[in-house]
Amino acid sequence: MPQNIILNESEHLYAPEPASEAGRALSAALLRMRRAEQRQEASALGLSGLSDLDLRALRYLVQATRDERNLGPKDLIGMLGTSSANVTNVVDRLVKRHLVARVEHPSDRRAHYLRPTATAISNVEAIFMRHHAALVSEIEEIDDADAGTAARVLERLTRALDELD
């Protein structure tokens, strides 16, 4: 019974519904997709065995490696929006689990970079692969015209939300 409340709340708009049937269908589909994304994020978090903050930090470090960029603890403070004490704890936990290595800065003996280990990169990819592959598989089935329309609609909706800040 409580699951019905969760389901209904996540599909409820705190604004008047769109006027048209097509608009209501789009709104409902977006809310269902948001709920599905949240379930996948929760599943990924469970599979990782990490806290939300630790997994986000690890994902950022993996992405930095892909982009061939070096990140240090100060970078993570800004990216995670948390304190230096929290980032120190996150890094210590990730190092202890052999997911991150501290690498000496080439010109500053006091500084270091953070690098995900090969195991960490493999784990992050495995955790998110199924989720992202399912999206790509469905996108590949959509014809180019519909995919273009969908992309424009999603960009427009994203812009409307971004402009609220």
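The structure this text deals with has already been given above.
In this text the structure is predicted, and so the values were computed from the model without any measurement.

### Some thoughts on the nonpolar core
Counting 23 residues, the largest nonpolar core has L58, L76 and L94 as its most contacted members. Of all the secondary structure elements, the ones that give two or more residues to this core are α3 (52-66), α4 (73-80), α5 (84-96) and α6 (118-140). Tallying contributions element by element places α3 first for this core, with seven residues. Beyond its immediate sequence surroundings of up to four residues, L94 is in contact with L50, D54, A57, L58, L99 and V100.

### A short note on the packing of α3 against α5
For any two helices packed against each other, one specifies the inter-axial angle together with the distance between the axes. The interhelical angle for the contact between α3 and α5, taken along N-to-C directions, is 75°, at an axis separation of 10 Å. With respect to α5, the element α3 is oriented roughly perpendicular. Taking contact as the criterion, the partners of L53, D54, A57 and L58 in α3 are, on α5, V90, R93 and L94. Classifying every residue of the contact of α3 with α5 by side-chain character gives five nonpolar, no polar and two charged.

### Considering the layout of surface pockets
Empty space among the atoms becomes apparent when a probe as large as a water molecule is rolled across them. Empty space within the largest pocket amounts to approximately 900 Å³. Lining the largest pocket are 25 residues, with L26, L30, M33, L154 and L157 sitting closest to its centre. Going through the elements one at a time, α2 (21-48), α6 and α7 (144-162) are the ones with two or more residues in the lining of the largest pocket. Broken down by element, the residue count for the lining of the largest pocket peaks at 10 residues, all from α2. In terms of residue class, the lining of the largest pocket is built from 18 nonpolar, three polar and four charged.

The rules we used
Residues numbered from 1 in each chain as written. Predicted model: local features only at pLDDT ≥ 70, side-chain atom pairs only at ≥ 80, totals over all residues. Heavy atoms only, no water. Core = buried A, V, L, I, M, F, W, Y, C linked by side-chain atoms within 4.5 Å. Buried < 20%, exposed > 50% of the residue type's maximum accessible area, 1.4 Å probe, protein only. Helix = DSSP H or I, 4+ residues; strand = E, 2+ residues; numbered from the N terminus. Contact = heavy atoms within 4.5 Å. Axes fitted to C-alpha atoms, helices over the stretch in contact; angles between N-to-C directions. Parallel < 35°, antiparallel > 145°, perpendicular 65-115°, else oblique. Nonpolar A, V, L, I, M, F, W, Y, C, P; charged D, E, K, R; others polar. 1 Å grid on protein atoms, 1.4 Å probe; cavity = no way out; pocket = protein on both sides within 12 Å on 5 of 7 lines; lining within 4 Å. Points joined across faces, edges and corners; volume = space filled by probe spheres on them.

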